[in-house]
Amino acid sequence: STALTCGMNFQPWALETFELAMTMIESCTMILAGAEDEIDDEEADPIVCAADLLDGLVEGFGENFGALVSSSTRFAEYFP
């Protein structure tokens, strides 16, 4: 992952990346929850990609990841 490789150098893009990944997971989960048919594995691929990106942020930022999450106006309340 680019975020993992760059570490703290990825900071200028980290918040936007975090929020976009979380939004992707949220949106896909809502779409899949409303699906009446059986869910195909490919339909969950965006969630897997977003989770992988979040994992890279966690590993790249280490203990500073909590500060990144806290700075999110949209998602900070979900991660006290």
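Report follows, based on the coordinates. (Residues numbered from 1 in each chain as written. Predicted model: local features only at pLDDT ≥ 70, side-chain atom pairs only at ≥ 80, totals over all residues. Heavy atoms only, no water.)

**Examining the overall build of the protein**
Reasoning step 1: A count of helical and extended segments in the protein gives 4 helices and 0 strands.
Reasoning step 2: Listing every helix and strand of the protein by position from the N terminus yields α-α-α-α.
Reasoning step 3: On the principal axes, the C-alpha backbone points of the protein span a range of 45 × 25 × 15 Å.
Reasoning step 4: A total of 80 residues make up the protein; the buried ones form 26% of that total.
Reasoning step 5: Excluding contacts between residues fewer than 6 apart, the proportion of contacts in the protein whose partners are at least 24 apart in sequence is 74%. (Helix = DSSP H or I, 4+ residues; strand = E, 2+ residues; numbered from the N terminus. Buried < 20%, exposed > 50% of the residue type's maximum accessible area, 1.4 Å probe, protein only. Contact = heavy atoms within 4.5 Å.)

**Some remarks on helix α3 (residues 45–61)**
Reasoning step 1: If you check α3, its first and last C-alpha atoms are 24 Å apart, about what 17 residues at 1.5 Å a residue would give, namely 24 Å.
Reasoning step 2: Packing partners of the buried residues in α3 comprise α1 (2–6), α2 (11–33) and α4 (65–70). (Expected span 1.5 Å × (residues − 1).)

**Overview of α2**
Reasoning step 1: Between the first and last C-alpha of α2 there are 33 Å, a value that for 23 residues agrees with the 33 Å anticipated at 1.5 Å per step.
Reasoning step 2: Where α2 is concerned, the buried positions are Ala-14, Thr-17, Phe-18, Ala-21, Met-22, Cys-28 and Leu-32.
Reasoning step 3: At its buried positions, α2 is contacted by α3 and α4.

**Comments concerning a negative patch on the surface**
Reasoning step 1: On the surface, a cluster of negative charge is made up of Glu-36, Asp-37, Glu-38, Asp-40, Asp-41, Glu-42, Glu-43 and Asp-45.
Reasoning step 2: If you trace the backbone, Asp-40 turns up in the loop between α2 and α3. (Patch = residues over 30% accessible without salt bridge, like charges linked within 9 Å, V, L, I, M, F, W, Y side chains within 5 Å. Areas by Shrake-Rupley, 256 points an atom, 1.4 Å probe, with all protein chains shown as cover. Salt bridge = Lys/Arg side-chain N within 4 Å of Asp/Glu carboxyl O. Lys, Arg positive; Asp, Glu negative; His and termini not counted. Charge placed at Lys NZ, Arg CZ, Asp CG, Glu CD.)

**As for the state of the cysteines**
Here, disulfide denotes a covalent bond that connects the sulfur atoms of two cysteines.
Reasoning step 1: Tallied over the entire structure, the rule returns 0 disulfides.
Reasoning step 2: Sulfur of Cys-6: no disulfide; nearest cysteine sulfur belongs to Cys-49 and is 18 Å away.
Reasoning step 3: Looking at Cys-6, the relative accessible area reads 32%, which means it is partly exposed.
Reasoning step 4: Left without a disulfide partner, Cys-28 is nearest to the cysteine sulfur of Cys-49, which lies 9.6 Å away.
Reasoning step 5: On the accessibility criterion, Cys-28 (11% relative accessible area) is buried. (Disulfide = S-S within 2.5 Å.)

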